[in-house]
Amino acid sequence: MSVRTTEEAEPGAEDGRAGAAARKREQHGWYFYDFACSVYSTSVLTVFLGPYLTAVAKAAADSEGYVHPLGVPVRAGSYFAYTVSVSVIVAVLIMPLVGAVADRTGRKKPLLAVTAYTGAAATAGMFFLDGDRYLLGGLLLVVANAALAVSMVLYNAFLPQISTPDERDTVSSRGWAFGYTSGALVLLLNLVLYQGHDSFGLSEGEAVRICLASAGLWWGAFALIPLRRLRDRAVVREPGAGAGPAVSGWRQLVATLKDMRRYPLTLSFLLAYLIYNDGVQTVISQASVYGSEELELEQSTLIVAVLLVQVLAVVGALGMGRLARAYGAKRTILGSLAAWGLTLAAGYFLPARTPVWFFALAAMIGLVLGGSQALSRSLFSHLVPAGKEAEYFSAYEMSDRGLSWVGPLVFGLTYQVTGSYRDAIISLVFFFALGFVLLARVPVRRAVRAAGNPVPERI
């Protein structure tokens, strides 16, 4: 398939002051989807749902500590990690089809609206997760996590269309900064509610369920801003282009991967990203479980730690964006991967019941988290052939949230076999070490030229 947007078909159509102003308006709207959905990643996935769903699963467990979803014996302490893996496998089956439909029709906004509000509704539904309803919790997690992953395909696909090549590191970093700002703000409100739940006449469980549901309401409310400001581009089909969007997800996945073989350097970057980002996503989703179960920290300590991550991630995203302008995105990402590995190694030796060391670990994570994700996204945007943004970003998102099921699976299996969360956390160093080696071998300038895109001065 070969399609282009009208603006790609006519270079310079948005040149001049009017075009720059329109582009800035879209960029500002685009930032707000990160602002809307990041509270799910922060309050739900990182802080509250892991320990809470684990507690719900333990309440439903048999005398040996196992639950039996679909008749399969699962240690209650591994249930959350396994459910995260299932959710991203579901996303893998959906994302290629959505990316293909978006590219062939040019209608990214309606698809973004459907996926955003599906995820927001599932998250709001977590208010009803109480007692021993671990199956309900697992189902809502699968729906919300998969919807978020698919919506990010569409959101990321706007980046090449709303920014020039030289703007993308900055625009992408600002998007992450908006997301971490909202995450910090909502988490601060969550901390007030959770710490003062008695004064509000709430039980601890009720306070947690309100925090979970409020993330869904926030997501839905602020998603209105990008849906108003972003605009779809009409698609110009070239001779021999495919007929329509009605193609199965599996056929489209195969077609996308076959097409990517024409750009082996882009594929090499994706492989490296798939591996190191699997480690990033697993740390995000499992850190609170590690803190509560292995380090025996209070929920309020975990909230403060993640709040620290959010604040420093804003600084880190903007700071690493500046480093990328000076040294290039690739070198900056490589530096962040080395820092990730050292941070996890330090986490293995953290003593239990000592919040100050956990806060130090959180600070280290915060400084590299936002920048490594933002720069990876902007670097990939240079490697995407024009007219295939949503299709290729679906493959990217499969690496980001879609194929990041191996890390949680390894984490859960390690705990199931050893009974130690310390062993589980140190196993993740492998993902950062291998990702570093593979990324170092990618000649990014040659990769940008091979994709038919202009090469920025620094990359």
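See the structure printed just above.
These lines cover the structure that appears in this document, whether it is placed above or below. What you see is a predicted model; the values in this text were computed from it and never measured.

1. Some points on the overall build of the protein chain
Consideration 1: Along the backbone of the protein chain there are 19 helices and 4 strands.
Consideration 2: Within the protein chain, the fraction of its 459 residues that count as buried is 58%.
Consideration 3: A fraction of 85% describes how many contacts in the protein chain between residues 6 or more apart in sequence connect residues 24 or more apart.
Consideration 4: As displayed, the protein chain offers around 17600 Å² of accessible surface, 64% of which is attributable to carbon and sulfur atoms.

2. With respect to the environment of G452
Consideration 1: The residue G452 is located in the segment after α19 (444-450) in this model.
Consideration 2: Given the relative accessible area of 62%, G452 is considered exposed.
Consideration 3: The sequence separation of G452 and H382 amounts to 70 residues, and the corresponding C-alpha distance is 9.2 Å.

3. Quick word on the pattern of salt bridges
Consideration 1: Under the defined criterion, the tally for this structure stands at 8 salt bridges.
Consideration 2: Notably, a salt bridge pairs R133 with D130, separated by 3.5 Å at the nearest N-O pair.
Consideration 3: Looking at R133, the relative accessible area reads 42%, which means it is partly exposed.

4. Here we look at the packing of aromatic side chains
Consideration 1: Inspection of every chain in the model, using the stated rule, returns 22 aromatic pairs.
Consideration 2: Look at W30 and Y155: their rings are 4.4 Å apart centre to centre, the planes differ by 15°, and that puts the pair in the stacked class. On the criterion of sequence distance, the pair formed by W30 in helix α2 (residues 16-60) and Y155 in helix α5 (residues 134-157) is long-range, its members being 125 residues apart.
Consideration 3: Owing to a relative accessible area of 0%, W30 belongs among the buried residues under this scheme.

5. Focus on the packing of helix α3 (residues 79-105) against helix α11 (residues 264-294)
Consideration 1: In contact at an axis separation of 11 Å, α3 and α11 are set at 170° when each is read in the N-to-C sense. As the angle between them shows, α3 and α11 are arranged roughly antiparallel. Between α3 and α11, the contacting residues are F80, A81 and V84 on the first element and S285, Q286 and V289 on the second.
Consideration 2: Classifying every residue of the contact of α3 with α11 by side-chain character gives 4 nonpolar, 2 polar and no charged.

The rules behind each value
Residues numbered from 1 in each chain as written. Predicted model: local features only at pLDDT ≥ 70, side-chain atom pairs only at ≥ 80, totals over all residues. Heavy atoms only, no water. Helix = DSSP H or I, 4+ residues; strand = E, 2+ residues; numbered from the N terminus. Buried < 20%, exposed > 50% of the residue type's maximum accessible area, 1.4 Å probe, protein only. Contact = heavy atoms within 4.5 Å. Areas by Shrake-Rupley, 256 points an atom, 1.4 Å probe, with all protein chains shown as cover. Salt bridge = Lys/Arg side-chain N within 4 Å of Asp/Glu carboxyl O. Phe/Tyr/Trp six-rings, centres within 6.5 Å; stacked < 30°, edge-to-face > 60°. Axes fitted to C-alpha atoms, helices over the stretch in contact; angles between N-to-C directions. Parallel < 35°, antiparallel > 145°, perpendicular 65-115°, else oblique. Nonpolar A, V, L, I, M, F, W, Y, C, P; charged D, E, K, R; others polar.

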